[in-house]
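Examination of the molecular architecture
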Amino acid sequence: MKETMIAPSILSLDYARVSEQLKELDESGAEWMHFDVMDGHFVPNLTFGPDILKGFKKAVDMVMDVHIMVDDPMEKAMMFIASGADIVTFHLEAVANLEECVRLCRKIRAQHVKAGVSIKPDTPVDGLLPYLKEMDVVLIMSVVPGFGGQSFMEEVLDKVKVLRREIDEKGYDVLIEIDGGINADTGKRCVKAGVDVLVAGSFVFHGDIKKNVEQLKCGK
Ligand code: DX5
Ligand code: ZN
């Protein structure tokens, strides 16, 4: 059985103790750093730019998992690739159609970076199924994107199950990631439904980072 990977969302980092927390994170056993980019348009909140990514990449030995919640993913994807993203995940809702979605995945992969596609809780997953081989990650949002600390939306697990079945049946090399309201309890239900990567912000950074990551990892 594959081990669940953990992607702490640095949206919940304590910005008064950045270096201390980055060190703890680096030693926590979490594999990916989830870096939430928000532009104040696609979502109401505003967060980090590429220079922060560059700096954080130097501070930790982790996969830089960049989730861009922006209106112009074509342009912003390239900006974050230039600053060290290992994975760039954009929103299906932010591109004109599935053709453009595939075009952006190919553009990201052409830079030797992994391509992820995210869908909001209300967006069905079915449209993506014929195109799964074009992407490396599907990120299922389990809250409305924009803010940390919201409650997990259980109903999105139906989409996870559909994806899991399709990926396994066709033998695709695609990871299922989930983002929003993840704690030891909801994380366990996600893994059971077929999730490979758990994003968690509030749960990881409130309290002991290493202990919280461990709890998420053994929540099978
Ligand atoms: C929400 C972000 C998430 C968020 C998760 O728009 O994409 O990554 O930080 O935070 P928690 O784990 O607190 O729900
Ligand atoms: Zn995110």
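Below you will find a few notes about this structure. (Residues numbered from 1 in each chain as written. Chains lettered and ligands numbered in written order. Predicted model: local features only at pLDDT ≥ 70, side-chain atom pairs only at ≥ 80, totals over all residues. Heavy atoms only, no water.)

A short note on the site of ligand 1
Around ligand 1 lies a shell of 20 residues, among which Asp 36, Gly 146, Asp 179, Gly 201 and Ser 202 are the nearest. A distance of 2.8 Å is found between an oxygen atom of ligand 1 and a backbone nitrogen or oxygen belonging to Gly 181. Compared with its free state, where it exposes 380 Å², ligand 1 has 99% of that area covered by protein. In this structure, ligand 1 is accommodated by the largest pocket. When contributions to the shell around ligand 1 are tallied by element, the ones reaching two or more residues are β2 (32-38), β3 (63-69) and β8 (197-200). At 3 residues, β2 tops the list of elements feeding residues into the shell around ligand 1. (Near = heavy atom within 4 Å. Polar contact = N/O pair within 3.5 Å; in protein donor to acceptor, adjacent residues only side chain to side chain. Areas by Shrake-Rupley, 256 points an atom, 1.4 Å probe, with all protein chains shown as cover. 1 Å grid on protein atoms, 1.4 Å probe; cavity = no way out; pocket = protein on both sides within 12 Å on 5 of 7 lines; lining within 4 Å. Sits in = over half its atoms within 2 Å of the grid points. Helix = DSSP H or I, 4+ residues; strand = E, 2+ residues; numbered from the N terminus.)

Notes on the packing of aromatic side chains
Centre-to-centre distance and the angle between the planes together describe a pair of aromatic rings. Evaluation of the coordinates by the stated rule reveals 4 aromatic pairs. On the numbers, 6.4 Å between centres and 90° between planes, the contact of Phe 35 with Phe 56 is edge-to-face. Here Phe 35 is found in strand β2, whereas its partner Phe 56 is found in helix α2 (residues 50-59), with 21 residues between them in sequence. The buried category is assigned to Phe 35, whose relative accessible area is 0%. Ring-pair connections join several aromatic residues into one group, and the members of that group are Tyr 15, Phe 35, Phe 48, Phe 56 and Phe 80. (Phe/Tyr/Trp six-rings, centres within 6.5 Å; stacked < 30°, edge-to-face > 60°. Buried < 20%, exposed > 50% of the residue type's maximum accessible area, 1.4 Å probe, protein only.)

Things to note about the coordination of the zinc ion (ligand 2)
Bound to the zinc ion (ligand 2) are the protein donor atoms His 34 (NE2), Asp 36 (OD), His 67 (ND1) and Asp 179 (OD), situated 2.0 to 2.3 Å from the metal. What the 6 donor atoms of the zinc ion (ligand 2) show is an angle range of 65 to 169° at the metal, which sorts the shape as octahedral. Here the donor residues for the zinc ion (ligand 2) map to a single chain with the spacing H-x1-D-x30-H-x111-D. With a gap of 33 residues between them, His 34 in strand β2 and His 67 in strand β3 connect regions that are remote in the sequence. Summarising the burial analysis for this pair, His 34 and His 67 share the class buried. (Donors = N, O, S within 2.8 Å, 3.2 Å for Na, K, Ca; no water. Tetrahedral: all angles 85-135°; square planar, octahedral: opposite > 155°, others 65-115°.)

Observations concerning the packing of helix α5 (residues 157-170) against helix α6 (residues 184-193)
Two measures define how a pair of helices packs: the angle their axes make with one another and the distance between the axes. The geometry of α5 relative to α6 is characterised by a closest axis approach of 9 Å and an angle of 30° between their N-to-C directions. It follows from the interaxial angle that α5 and α6 lie roughly parallel. In this structure, α5 uses Leu 157, Val 160, Lys 161 and Arg 164 to contact α6, whose residues at the interface are Arg 189, Cys 190 and Ala 193. Per-class residue counts for the contact of α5 with α6 are 4 nonpolar, no polar and 3 charged. (Axes fitted to C-alpha atoms, helices over the stretch in contact; angles between N-to-C directions. Parallel < 35°, antiparallel > 145°, perpendicular 65-115°, else oblique. Contact = heavy atoms within 4.5 Å. Nonpolar A, V, L, I, M, F, W, Y, C, P; charged D, E, K, R; others polar.)

Details of the environment of Val 195
Position of Val 195 among the secondary structure elements: in the loop between α6 and β8. In this structure the C-alpha to C-alpha distance between Val 195 and Glu 100, which are 95 residues apart in sequence, comes to 26 Å.

Remarks on the layout of surface pockets
Taken as a whole, the largest pocket holds about 290 Å³ of empty space. For the largest pocket, the lining is made up of 25 residues, of which Gly 148, Gly 149, Gly 180, Gly 181 and Gly 201 are closest to its centre. For the lining of the largest pocket, the secondary-structure elements that each account for two or more residues are β2, β3, β8 and α7 (202-205). A class-by-class count of the residues in the lining of the largest pocket yields 11 nonpolar, 12 polar and 2 charged. (Points joined across faces, edges and corners; volume = space filled by probe spheres on them.)

Remarks on the pairing of strand β7 (residues 175-179)
Across the 5 residues of β7, 4 count as buried, placing the element largely inside the fold. Bridging between strand β6 (residues 137-141) and β7 involves 5 bridges; their strand directions are parallel. Paired with Val 138 across the two strands is Ile 176, which belongs to β7. When β7 meets β8, the two strands line up parallel, connected through 3 bridges. Each residue of the ladder has a partner; that of Asp 179, found in β8, is Val 199. For the segment spanning β7, α6 and β8, crossover handedness is right-handed. (Pairing = 2+ DSSP bridges. Right-handed = clockwise from strand over helix to strand, strands pointing away.)

Interpretation in functional terms is not warranted from these geometric data alone.
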